[in-house]
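# Structural features, examined
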Amino acid sequence: MKLDLKLTGCRALTMDPARPAAHTIGIWQGRIAGLDEQVEDLPATETVDLGTAVVLPGFIDAHTHLAWNGRRTVDLSGLSTVAQILDRLAGAPGEGWIEASGYDRRIMDSPLTAADLDQVSGGRPVYVADISGHACVVNSPVLDRLPGISSDGWLTENEQLAARSLRLPYSLDEIAAELHTSARQVLSEGVTMCAEAGIGAGLIAGSPLEAAAYQRAQLPIRVQLMVSAHVLHEVAADPADGVPRAIDLGLHTGFGDDMLSLGAMKLWTDGGMIARTAALTEPYAGTANTGQLAESEEFMRAAIVDGHHAGWQLAIHAIGDRAIDFTLDAVAEAQRQRPRADARHRIEHCGLVRPDQLDRIAALGLIPVVQPTFLWSYGDDYSEIMGEERAPWMYRGRSFLDRGIIVAGSSDRPVADGAPLRAIEFMVRRRSSGGRAVGPDEAITVEEAIRAYTLGSAHACRKEHVLGSLTPGKLADLVVLGDDPRTSESIAEIPVLATVVGGSFSFQRSS
Ligand SMILES: [Zn+2]
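Quick look at the structure, then. Computed from a predicted structure; not experimentally measured. (Residues numbered from 1 in each chain as written. Predicted model: local features only at pLDDT ≥ 70, side-chain atom pairs only at ≥ 80, totals over all residues. Heavy atoms only, no water.)

## Concerning the coordination of the zinc ion
The protein atoms that coordinate the zinc ion are His-63 (NE2), His-65 (NE2) and Asp-412 (OD), at distances spanning 2.1 Å. For the zinc ion, the donor residues sit on a single chain with the sequence spacing H-x1-H-x346-D. His-65 shares its class with His-63; the two are buried. (Donors = N, O, S within 2.8 Å, 3.2 Å for Na, K, Ca; no water. Buried < 20%, exposed > 50% of the residue type's maximum accessible area, 1.4 Å probe, protein only.)

Pasting the structure below:
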């Protein structure tokens, strides 16, 4: 046997308990053929000496938004005055819609309004996305097309959706270009697979042909598509199948191949902490606001039960503890009606978990798909709005692992920075960018954090049999790092030297 590629001299952390370390990796036909003595004596078409670099399984981002992230918009990140924003928007090239992103209402000298935007838009419609993903600011030409909505330009949730739908759709080529932009970026950060958190409907949908855009794009990373529960519709299946609602052709979780597949059915049960719309049982500190559920309880419960019956894995967005209560009850009801072993439903974000909810999450076999970097970026703000008692309950780590709950790492890019090493550092240190300790008791070890971003996220995507560890037989996805996260003082700063997908170098750092 002749290997396609042999990587030698490395320090590999395999995440496989049967053989945790290796120095030589043999790759054949896109898969790991063997490690160390299993492949040392075999010839190879190409041999690469990694010279003591550290190798990990490729990172898997279990919840991200590649198309949204790659969208070409005017970047307002970090701007905190209306004057700065108008200045940036005034030169927007092209014609038609002006789209901007990175707006952060919380840091503004005064909130941006439609009247402000009208000054520089030249009559073009303007859509400024808030970084929360749950709100936007639009100008008068947009508001004029939204009868029944009275606003100074700031729109949240369903009103935001109404404004968004005026802009849609994007063309397949536009979406494919967005995807390639994001794929290049994630590869440079060591990510080899992404789960796209919702296509087909809702705020982040770009086109009714969305899945076709991913096929057309032929991306150099693996992608799993989560499908919005809004596309479930009644079907006239044989009653013996017990499937009242499905998507066309009965497609569901698992369809596809190792490069592009269908993942979970995505459902939103509340908003988010940035926009103060995450649904809480007790109000945000110092306010009477308890956030809001995303849809009617009837709609959400039916989607969970019907999606479960139709064979879907569910990915249920729930950030506040009230939304998590709702999710736990609805999943328990679905499982009562039709027990499904290893249904592996996920809670996307799982942001604020009361102590009494932990055992229920474990008992239902739910997987929290967390975004540690939220707390690095926004932990100071979130700690304030949750108050002293609840702040340590946010985006937990240790409490989940101690109960045997599998934790999946993810970014929600572009809502937060997407680099996995940044997230891993946060999971270990629990320090915000402002230096604040956020739930320090939830800290986990470096190995556990790497596991969350490899095997844990592979498990959440039902791909742990082919991804997530450097195990002979699995797909040859790996990341080459310039230092060992277990001993590094600054994990987030470790350089990603190369990223390999299916045995091919898809990214190499230029020195
Ligand atoms: Zn998301």
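## Looking at the sheet that holds strand β3 (residues 21-22)
By way of backbone hydrogen bonds, the strands of a sheet pair with one another, either parallel or antiparallel. Ordered by their spatial adjacency, six strands build an open sheet running β3-β2-β7-β23-β24-β25, and the pairing between neighbours is mixed. The strands lining the two open edges of the sheet, one partner per strand, are β3 and β25 (504-508). The pairing of strand β2 (residues 11-13) with strand β7 (residues 54-57) spans two bridges and is parallel. Considered in β7, the bridge of Arg-11 is made with Val-54. (Pairing = 2+ DSSP bridges. Helix = DSSP H or I, 4+ residues; strand = E, 2+ residues; numbered from the N terminus.)

## As for the sheet that holds strand β5 (residues 31-35)
One open sheet holds the four strands; their spatial order is β5-β4-β1-β6, and the pairing between them is mixed. Looking at the sheet topology across the chains shown, the edges are occupied by β5 and β6 (44-49). Strand-to-strand twist across the sheet, computed as the mean angle between neighbouring axes with direction ignored, equals 25 degrees. Sheet topology note: the strand β1 (residues 3-8)/β6 ladder contains five bridges and is parallel. (Axes fitted to C-alpha atoms, helices over the stretch in contact; angles between N-to-C directions.)

## Some details on the nonpolar core
Core analysis: the largest hydrophobic core is formed by 100 residues, its most contacted members being Met-273, Tyr-382 and Met-394. With sequence-adjacent residues up to four places away left out, Tyr-382 is seen in contact with Arg-106, Met-273, Ile-274, Phe-374, Leu-375, Met-394 and Tyr-395. (Core = buried A, V, L, I, M, F, W, Y, C linked by side-chain atoms within 4.5 Å. Contact = heavy atoms within 4.5 Å.)

## Quick notes on the packing of aromatic side chains
Under the counting rule described, the total for this entry stands at four aromatic pairs. Centre to centre, the rings of Phe-59 and Tyr-453 are 6.1 Å apart; their planes meet at 80 degrees, and the pair counts as edge-to-face. With Phe-59 in strand β8 (residues 59-64) and Tyr-453 in helix α14 (residues 446-460), the pair connects residues that are 394 residues apart, well separated along the chain. Relative accessible area serves as the criterion here: at 0%, Phe-59 is assigned to the buried category. Relative accessible area serves as the criterion here: at 0%, Tyr-453 is assigned to the buried category. Relative to Tyr-395, the ring of Phe-374 lies with its centre 5.7 Å away and its plane at 90 degrees, an arrangement referred to as edge-to-face. Linking Phe-374 in helix α11 (residues 372-390) with Tyr-395 in the loop between α11 and α12 (398-402), this pair joins segments that are 21 residues apart in sequence. (Phe/Tyr/Trp six-rings, centres within 6.5 Å; stacked < 30°, edge-to-face > 60°.)

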